[in-house]
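Fold and contact review
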Amino acid sequence: MKAAQLIAHGTPGKFELCELPVPRPTAEQVVVDVRACGLNRLDLWLEEGGLPIQIPLPRTPGGELAGQISELGSAVTDWKVGDTVAIQSNLYCGECEFCKRGEESLCLRSELLGVNRDGGFAEKVVVPARALASLPTGVGFETAAALTLAGSTAMHMLTDRAQVRPSDWVLVIGGASGVGSAAIQIARQLGAHVISTGSTETKRALAINLGAAFVVDSTDANWPAEVRKLTNKRGVDLVIEHVGGDVLPKCFECLARGGTVVTCGATAGRDISFNLWPFFVKQQRLIGSYGRNRKDLVATLAWAAAGKLKPVIDLVFPLDQAAAAFAKLRSRDVLGKVLVKP
Ligand SMILES: [Zn+2]
């Protein structure tokens, strides 16, 4: 089978289209023929060697994939060959205290597909059967691949790590990103008023199209003042943040009393300076969010089937152009998602 493997770290990293043996499942695994795989910031960290763990190379990246089962392990009974599936990228053990209570995002023995083991920029991938979620009727491979990681990350942030009350004000950072474009739609469906941010006119227009009531220019250093003005100085109830660095403290400038910031990323920096005084006086919350629970992925696919959540797909690359797909995402000139199809 063909696989686009990262053979050297760097920016850009070095990719090679390899011919690899078809993977075989152990008793509790399945082989999935990959039909589409989304690209994420995580893949860029893998490429540049920027993750806080050592990754042995070569490695096939890709954690956001949908496809069709082509082989079952001997102990797999609840799936059949030909079933169409999405795969939960944070592979979980199913046995630890957190998995047992349905909090797979906290799994003690978690592995990341496409990071700790070979992922979806290949014709086939082998994964534990417990990582599969069935594609509902009407949800195609590209839709699933564009929502399985990014969309379910937003679902986890908005419905598990935090709760949205109807008429809440929700600020979504980077509304044209994979996570941001899903977060705007989910917050709207939950009855919130959404403000978003975007660095270009096109990205800001996309955020409005997805349902944001207002969008501010993130290249203007005073954008938090703009958010306060839009809410009559009150501030927002919830911020969905996935950038980190200087952006995270600015989110608190936009936050109402009793408000919450949920963060799931640190692209712009992992160390921040933070003023604790207004934080405790205003009784605010900062909540970390990582991956997703199984129920978040199932809900994401169900919402897609119901037409409540639509993927934003910018470009689809063939597998032999995986390096070009990485370059496209790295350029940040992307509306929604970049996909790769074998
Ligand atoms: Zn576990």
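For the structure itself, look to the data block above.
Predicted, not measured: the structure shown is a model, and the values here were computed from it.

The rules behind each value
Residues numbered from 1 in each chain as written. Predicted model: local features only at pLDDT ≥ 70, side-chain atom pairs only at ≥ 80, totals over all residues. Heavy atoms only, no water. Helix = DSSP H or I, 4+ residues; strand = E, 2+ residues; numbered from the N terminus. Polar contact = N/O pair within 3.5 Å; in protein donor to acceptor, adjacent residues only side chain to side chain. Contact = heavy atoms within 4.5 Å. Salt bridge = Lys/Arg side-chain N within 4 Å of Asp/Glu carboxyl O. Buried < 20%, exposed > 50% of the residue type's maximum accessible area, 1.4 Å probe, protein only. Pairing = 2+ DSSP bridges. Axes fitted to C-alpha atoms, helices over the stretch in contact; angles between N-to-C directions. Donors = N, O, S within 2.8 Å, 3.2 Å for Na, K, Ca; no water. Tetrahedral: all angles 85-135°; square planar, octahedral: opposite > 155°, others 65-115°.

It is worth spelling out the side chain of E64 at this point. Of note, E64 is situated in strand 4 (residues 64–72). Polar contacts involving the side chain of E64 include one to the main-chain amide nitrogen of A150, which spans 2.8 Å. Here the side chain of E64 touches K337 through a polar contact of 2.6 Å, side chain to side chain. Residues in contact with E64, not counting those within four places in the same chain, are A36, C37, G38, L39, N40, A145, A146, L147, T148, L149, A150 and K337.

It is worth spelling out the pattern of salt bridges at this point. Applying the stated criterion to the full structure yields 20 salt bridges. With a shortest N-O distance of 2.9 Å, K341 and E142 are connected by a salt bridge. You can see K341 sitting in strand 17 (residues 337–341) and its partner E142 sitting in helix 3 (residues 141–147), a full 199 residues away along the chain. The exposure class assigned to K341 is partly exposed, which follows from its relative accessible area of 31%. Assessed through its relative accessible area of 29%, E142 is described here as partly exposed. Here K295 makes a salt bridge to D160, at a shortest N to O gap of 3.0 Å. Residue K295 is found in helix 10 (residues 294–305), and its partner D160 is found in helix 4 (residues 150–161); the two are separated by 135 residues along the sequence. By sharing partners, the salt bridges in this structure join R165, D168, R234 and D237 into a single network.

For the rest of this paragraph, the subject is unusual backbone geometry. Apart from glycine, the bulk of residues carry a negative phi angle, and the bulk of peptide bonds sit in the trans form. Following T11, the chain continues to P12 via a peptide bond in cis, the omega torsion being 5 degrees. Counting through the fold element by element, P12 comes out in the loop between strand 1 (2–8) and strand 2 (14–19). Residues L57 and P58 are joined by a peptide bond in cis, for which omega reads 0 degrees. One can find P58 in the loop between helix 1 (41–48) and strand 4. Here the phi dihedral of N232 falls at roughly 50 degrees; this positive angle occurs in a residue that is not glycine. Look at Q283: it is not a glycine, yet its phi comes out positive at around 50 degrees. With respect to the element layout, Q283 can be found in the loop between helix 9 (276–281) and strand 15 (285–288).

Our focus in this paragraph is the sheet that holds strand 11 (residues 193–198). The strand order 12-11-10-13-14-15 describes an open sheet built from six strands, whose pairing is parallel. Pairing within the sheet leaves two strands with one partner each, and these edge strands are strand 12 (214–217) and strand 15. For this sheet, the mean angle separating the axes of adjacent strands, direction not counted, is 20 degrees. Sheet topology places strand 11 next to strand 12; four bridges connect them, and they run parallel. In the strand pairing of strand 12, I195 is matched with F214. Along the sheet, helix 4 contacts strand 10 (169–172), strand 13 (236–241), strand 14 (255–263) and strand 15; its crossing angle with strand 13, the most-contacted strand, is approximately 145 degrees. Taken strand by strand, helix 6 (residues 201–209) contacts strand 11 and strand 12, and its axis lies near 165 degrees from that of strand 12.

Next up on the list: the coordination of the zinc ion. Protein-derived ligands of the zinc ion are C93 (SG), C96 (SG), C99 (SG) and C107 (SG), with the metal-ligand distances lying across 2.3 to 2.4 Å. Classification of the site at the zinc ion as tetrahedral follows from its four donor atoms and the range of 103 to 118 degrees in their angles at the metal.

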